[in-house]
Amino acid sequence: MNASSFTITNVEFCPLDLPITDPFVVATGQLQVAQNAFVRVTLHDGTTGYGEIAPFPAITGEDRESSLTKARILGEHLLGQSPLHYQRLGGEFSELAPDAPAARCGLETALLDTFTRAIRIPLWALWGGADVRVRETDITIPIASLERSRKLARHWHERGFRLFKIKVGHDVDDDIRRLEALHRECAGVSFVIDANQGYTYEEAATLIQGLNLFGGTLLLLEQPLAKDALEGHAKLRRDFRVPVAADESAQSLRDLQAVIRHEAADYVNIKITKSGLLEGILMATVAKAAGLRVMLGGMVETRVAMGCSYSIAMGLGGCPVLDLDTPLLLDTDPIDGGYTYEGPLLQPWYGPGLDFNIPSFQPAVSDRL
C-alpha cells in the first residue's frame, strides 16, 4: 500500500438502541436500554473499521446525544488524516474533547480497527500479542431482589460461570443476604463485589465481616467508597487485607496516579469507554509498572468495544481479571464474526482488526461525514 491508501475519506455514525435482558442496576444509576452508537471509518482504498460509543451517564456524565456531538467534531478532524499517526491523533482528540471519553473511545477504536485491517493483522497484534489464549470472564448480577438474584445466579451457574460480579451498594444487610444465598446455592463460585461508590467505610467493613462469617470467596472488592475517598480505600486494604479495585477512582491517568500515591488499590479496572482507548492503554501500562493488577471491564457494550478490550488483554498481557460480559446481557447481538463466547470462555480470533461486520449499520445522511 502507498501512503495515499491510508487517507481517511469517510466517517459515519449509526445510533442503536440495545435492550438489556434485566435492568442493569448499580448503586449510582440504572439502564434498561443501552443507547449506544457505532462508528465506521473508511480509507481511500475502501478498507473499513468499526468502533463503539457506549456512554453510561451515571459514570462519566455522557449520554448518546452529547457523545455524538463531540464524536462529529472528532470525525471531521479525522477526514484527510492517516491512521498511521494514531498516537498523534489520539492526543489531538484529548485536546478537542477532554470531557468525552466515550466519543474518543469510539473514534479511536474505529481508527485502529481500520489500520490493523489495512495492514492485515489482528488488533491484539498491534500491542504485542503477549497473551493470546482463551480467557474466562465473570458475569454480572445487578442489584435486584433476593429471588431475582438467585434466579439469575442459577441461570449463569448452569452455563458454567464461576466468577460472579455482584452489584451492591443500596443496603448492606440486603447485600449480605444476597451474597450468602448465592454462595450456598451455587457451588464453587467466587465474587467480585462492586459497590460503585455506594458504601461508607463502616458499611464496607460490615459487608467484609458478613462475607467472612458465611465463608464466601472474595476475589476483589471494587470501588466500595466514593471516588475521592482514597484514604478510606487505603484503610480498608490495611484493616481487612482485602484486595480493592479502583474503578470510578481511576477514570483517567491523572486519577490513577493519585490512586497509586495513596496506595488505595490492588487492581485498577480499565474501561476504554471511561478513559478513551489510547489513554486506557497508557493507564494499563502505568498500573502494571506500579505493581497494580489490571482488570478489564466496560460499560454496557456490544462485542465491538468488548472485543477491543479483549484485544488489550491478549496484546499487553498481565490482565488477570476480565469483566467482559455485557454482550451476554443484551437481547440481541448485532455483530457478525469477531470473538465469541462458549459459556464464560472468550475465544480469540486471528483475522485482521477486530474481524467482524455490522450488517445493520445504516447511518442517516446527517451522520455521514
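Basis of the calculations
- Residues numbered from 1 in each chain as written.
- Predicted model: local features only at pLDDT ≥ 70, side-chain atom pairs only at ≥ 80, totals over all residues.
- Heavy atoms only, no water.
- Buried < 20%, exposed > 50% of the residue type's maximum accessible area, 1.4 Å probe, protein only.
- Helix = DSSP H or I, 4+ residues; strand = E, 2+ residues; numbered from the N terminus.
- Pairing = 2+ DSSP bridges.
- Right-handed = clockwise from strand over helix to strand, strands pointing away.
- Salt bridge = Lys/Arg side-chain N within 4 Å of Asp/Glu carboxyl O.
- Contact = heavy atoms within 4.5 Å.
- Expected span 1.5 Å × (residues − 1).
- Arc of directions from axis to C-beta.
- Axes fitted to C-alpha atoms, helices over the stretch in contact; angles between N-to-C directions.
- Phe/Tyr/Trp six-rings, centres within 6.5 Å; stacked < 30°, edge-to-face > 60°.
- Core = buried A, V, L, I, M, F, W, Y, C linked by side-chain atoms within 4.5 Å.

Burial within strand β7 (residues 190-194) is extensive, with four of its five residues counted as buried. Here strand β6 (residues 163-167) pairs with β7 via five bridges, running parallel. Its bridge partner lying in β7, Ile166 is registered against Ile193. Remark: the β6/helix α6 (residues 172-185)/β7 crossover connection has right-handed handedness. Inspection of the sheet shows β7 paired to strand β8 (residues 218-222) by four bridges, in the parallel sense. Bridge assignment links Val192 to a residue of β8, and that residue is Leu220. For the handedness criterion, the β-α-β arrangement of β7, helix α7 (residues 201-214) and β8 is classed as right-handed.

Turning our attention to the pattern of salt bridges. By the definition in use, this model includes 27 salt bridges. With a closest N to O distance of 3.5 Å, Asp194 and Lys165 form a salt bridge. One end of the pair, Asp194, is in strand β7; the other, Lys165, is in strand β6, and 29 residues separate them in sequence. With relative accessibility at 1%, the residue Lys165 sits in the buried group. Arg184 is the salt-bridge partner of Glu180, the closest N and O atoms lying 2.8 Å from each other. Placement of the pair is Glu180 and Arg184 together in helix α6, with a separation of four residues, close to one helical turn. Overall, the relative accessible area of 55% leaves Arg184 in the exposed class. Via salt bridges that share partners, Lys165, Lys167, Asp194, Glu222 and Asp323 belong to a single interconnected network.

This paragraph deals with the environment of Val132. With respect to the element layout, Val132 can be found in the loop between α4 (101-118) and β4 (135-136). With 216 residues separating them in the primary sequence, Val132 and Pro348 have C-alpha atoms 7.1 Å apart. The contact partners of Val132, leaving out residues within four places of it in the chain, are Trp124, Met314, Pro348 and Tyr350.

With 15 residues, helix α2 (residues 64-78) should reach 21 Å at 1.5 Å per residue; the first-to-last C-alpha distance of 20 Å fits that figure. Within the span of α2, buried status applies to Arg64, Ser67, Leu68, Ala71, Leu74, Gly75 and Leu78. All buried residues of α2 fall inside an arc of 125 degrees around its axis, so they share one side. On the buried face of α2, the contacting elements are β1 (8-26), β2 (29-43), β3 (48-53), α3 (86-96) and α4. Of the residues trailing α2, Gly80 is marked for its positive phi of about 85 degrees.

Our focus in this paragraph is the sheet that holds β6. Spatial strand order, β5-β6-β7-β8-β9-β10-β11-β12: eight strands in an open sheet with parallel pairing. Strands with a single pairing partner mark the edges of an open sheet, and in this sheet they are β5 (139-141) and β12 (321-322). This element, α6, spans β5, β6 and β7 of the sheet and lies at about 165 degrees to β6.

Turning our attention to α4. Here α4 contains 18 residues, and its C-alpha end-to-end distance of 25 Å stays within 8% of the 26 Å for a straight helix at 1.5 Å per residue. Trailing α4 by a residue or two, Arg120 shows a phi angle of about 60 degrees, which is positive.

So, about the packing of aromatic side chains. Taken as a whole and judged by the stated rule, the model has ten aromatic pairs. Between Tyr50 and Phe356 the ring centres are 5.8 Å apart and the planes differ by 35 degrees, which places this aromatic pair in the tilted class. Residue Tyr50 is located in strand β3, and its partner Phe356 is located in strand β16 (residues 356-357); the two are separated by 306 residues in the primary sequence. A single burial state applies to Tyr50 and to Phe356, both of which are buried. Ring geometry for Trp156 versus Phe161: centroids 5.3 Å apart, planes at 80 degrees, classification edge-to-face. Of the residues examined, Trp156 reaches a relative accessible area of 11% and is grouped as buried.

Core analysis: the biggest nonpolar cluster contains 73 residues, and Leu78, Leu107 and Leu296 have the highest contact counts within it. If one sorts the elements of this core by residue count, α4 sits on top with nine residues. With near-sequence residues (within four places) excluded, Leu78 lies in contact with Ile8, Val11, Val41, Leu89, Phe93, Leu107 and Leu111. Within the second largest apolar cluster, 42 residues are counted, among which are Ile20, Leu31, Phe164 and Ile176.

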